[in-house]
Amino acid sequence: MTAASPYTTRLAIPSIATYQQLRVAAGMSAKSTDAAAKGLPNSLFAVQILHGDAVVGMGRIIGDGGCFFQVTDIAVLPAHQGKGLGKRIMREIMQFIETAVPESAYVSLIADGQAQDLYAQFGFQHTAPASVGMALKR
């Protein structure tokens, strides 16, 4: 018999404070309260991983809802990394993609560092040299 996981999944957009805290704690760039307040409600899909009542991981999909979708904000608190939570987040995201995203849609993400190994497990492939990711730094 396998012990029950101490983690639960919530399919919901995180609060602004939780979103900001998870991004910074996971080594991602900080987002202002105004930016988070504008952006989070526009999520097409969001998943949170809870340890008790504390949110320890998250992921979102953003986009136009028909043609273009981007997987973003995959973050797990350092103390909870290495426990399969990134995979758990991605399984929920892939379930949404498989059931709610048109087959003709372009689904993309930006992989930081070794996160590319996680995303490859779910079928994401490098686009270079045919195309490369670009960003405007402000």
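Preceding this section is the structure that the text describes.
Thresholds applied
- Residues numbered from 1 in each chain as written.
- Predicted model: local features only at pLDDT ≥ 70, side-chain atom pairs only at ≥ 80, totals over all residues.
- Heavy atoms only, no water.
- Helix = DSSP H or I, 4+ residues; strand = E, 2+ residues; numbered from the N terminus.
- Rg over C-alpha atoms; globule rule 2.2 N^0.38 Å.
- Buried < 20%, exposed > 50% of the residue type's maximum accessible area, 1.4 Å probe, protein only.
- Contact = heavy atoms within 4.5 Å.
- Lys, Arg positive; Asp, Glu negative; His and termini not counted.
- Charge placed at Lys NZ, Arg CZ, Asp CG, Glu CD.
- Salt bridge = Lys/Arg side-chain N within 4 Å of Asp/Glu carboxyl O.
- Polar contact = N/O pair within 3.5 Å; in protein donor to acceptor, adjacent residues only side chain to side chain.

For the protein chain, the count of helices and strands is 4 helices and 5 strands. Reading the secondary structure of the protein chain in the N-to-C direction produces β-α-α-β-β-β-α-β-α. Radius of gyration (C-alpha) of the protein chain: 15 Å, near the 14 Å computed for a compact globule of 138 residues. Oriented by its inertia axes, the alpha-carbon framework of the protein chain measures out at about 45 × 40 × 30 Å. Burial statistics for the protein chain: of 138 residues in total, 35% are counted as buried. Excluding contacts between residues fewer than 6 apart, the proportion of contacts in the protein chain whose partners are at least 24 apart in sequence is 60%. One way to put it: in the protein chain the 11 positive side-chain charges average out to a point 7 Å from where the 9 negative ones average out.

According to the stated counting rule, one finds 2 salt bridges in the structure shown. For the salt bridge of Arg-23 with Asp-73, the shortest nitrogen-to-oxygen distance reads 2.5 Å. Separated by 50 residues along the polypeptide, Arg-23 in helix α1 (residues 16-25) and Asp-73 in strand β4 (residues 68-76) bring together distant segments of the chain. Across the pair, exposure class does not vary: Arg-23 and Asp-73 are buried alike.

Locating His-126 in the fold gives a position in the segment after α4 (115-120). The exposure class of His-126 is exposed, given its relative accessible area of 64%. Remark: the alpha-carbon pair of His-126 and Gln-116, spanning 10 residues in sequence, is separated by 8.7 Å. Looking at His-126, its side chain comes within polar contact range of the side chain of Gln-116, at 2.8 Å.

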